[in-house]
Amino acid sequence: MVSTYSLGRLFRIRVGLHISWVVLFAFVTWTLAQAFSDLTPLVAAALAALCAMLLFASVVVHEFAHALVARRFDVQTQGITLFIFGGVATLENEPPTPRAEVAIALAGPVVSGAIALAAAGAMAVCDRFDATPLGAGAAIGFAYVAVANAVLAVFNLIPAFPMDGGRVLRALLWMRTRDRRAATIAAALVGVTLAVCAVVASLVMLGSTHAWPYAWYATLGGFIAWSGWTHLRTARTPAG
Ligand SMILES: [Zn+2]
């Protein structure tokens, strides 16, 4: 990817930031700042930016879960990149077996779900035992991390290939048919269909509510549809 800035390496995996991520960061910060309308604009913006940072840290942890489980199956990761549609771990090759694909695909949502539960627990502790403003602030921070990670886990499990849920669907079809190519075609068709439905629903909501987040949902749906379509075309092209 051009215009990707390296943030360094962790577990020997390069973490990069694509220039387009700045748009997403600004969008998330702006959206969150609206929720803090009873604070002064500067404090609201600073708090929103901090929450956005926590969200993107959660995305990076999610991607590392995929990458480190992939490594256990001898599938190496070229890098982890944050970009306008979130994060992606680019694997060097396809998982060797359906079981490996299920393990690699589920690793991200499982870790996000575990972080959500831990953060919810920490929030409850702060709420109960620390009545100071610092305790209340920490409780809000933990609540945000819990919600962000729960959303990450659930959203990624939607069976729209090439998202995590779609990869699980492909692995199950691959297990049944023992034909990875046919499984990819079927899973990608489901993915494109779901993504196109999401685009249409988002555009309808945008038209009726004029709420800008729906424009981003429509764009994200379009990107997932395009990714699914690309996989579909590649799988349908006869090898050699
Ligand atoms: Zn994932």
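Look above for the structure.
Residues numbered from 1 in each chain as written. Predicted model: local features only at pLDDT ≥ 70, side-chain atom pairs only at ≥ 80, totals over all residues. Heavy atoms only, no water.

### Observations concerning unusual backbone geometry
Rules: Secondary structure elements are defined from DSSP: runs of H or I of at least 4 residues count as helices, runs of E of at least 2 residues count as strands, and each element is numbered from the N terminus.
Residue Phe-161 is joined to Pro-162 through a cis peptide bond whose omega torsion reads 10 degrees. Examined against the element boundaries, Pro-162 turns out to sit in the loop between helix H4 (133-156) and helix H5 (164-177).

### Focus: the nonpolar core
This is how it is decided: In this text, buried Ala, Val, Leu, Ile, Met, Phe, Trp, Tyr and Cys residues form a nonpolar core when linked through side-chain atoms within 4.5 Å. To sort residues, take the accessible area from a 1.4 Å probe on protein chains only and compare it with the maximum for the residue type: under 20% means buried, over 50% means exposed, and anything in between is partly exposed. Domain ranges listed in this record stem from an automatic or a database domain assignment. Only heavy atoms matter for contacts: two residues are in contact if any of them lie within 4.5 Å across the pair.
One finds Val-28, Phe-56 and Leu-82 to be the most contacted residues of the largest nonpolar core, which totals 32 residues. Going through the elements one at a time, strand E2 (13-18), helix H1 (21-35), helix H2 (41-72), strand E3 (77-83), H4 and helix H7 (213-236) are the ones with two or more residues in this core. In terms of residue count, the dominant contributor to this core is H2 (10 residues). Each of domain 1 (1-157) and domain 2 (158-240) contributes no fewer than three residues to this core. Residues within four places of Leu-82 in sequence aside, it is in contact with Gly-16, Leu-17, His-18, Trp-21, Phe-56, Val-59, Val-60 and Gly-87. Core analysis: the next-biggest nonpolar cluster, separate from the first, contains 6 residues, Phe-161, Ala-187, Ala-188 and Ala-235 among them.

### Quick notes on the pattern of salt bridges
The following threshold applies: Every case where a carboxyl oxygen of Asp or Glu lies within 4 Å of a side-chain nitrogen of Lys or Arg is listed as a salt bridge.
Counting across every chain of the model gives 3 salt bridges. The shortest N-O distance in the salt bridge between Arg-170 and Glu-94 comes to 2.9 Å. Taken as a pair, Arg-170 in helix H5 and Glu-94 in the loop between strand E4 (86-91) and helix H3 (98-129) lie far apart in primary sequence, 76 residues in all. For Glu-94, a relative accessible area of 35% puts it in the partly exposed group. Notably, a salt bridge pairs Glu-101 with Arg-167, separated by 3.6 Å at the nearest N-O pair. In this pair, Glu-101 sits in helix H3 while Arg-167 sits in helix H5, placing the two residues 66 residues apart along the sequence.

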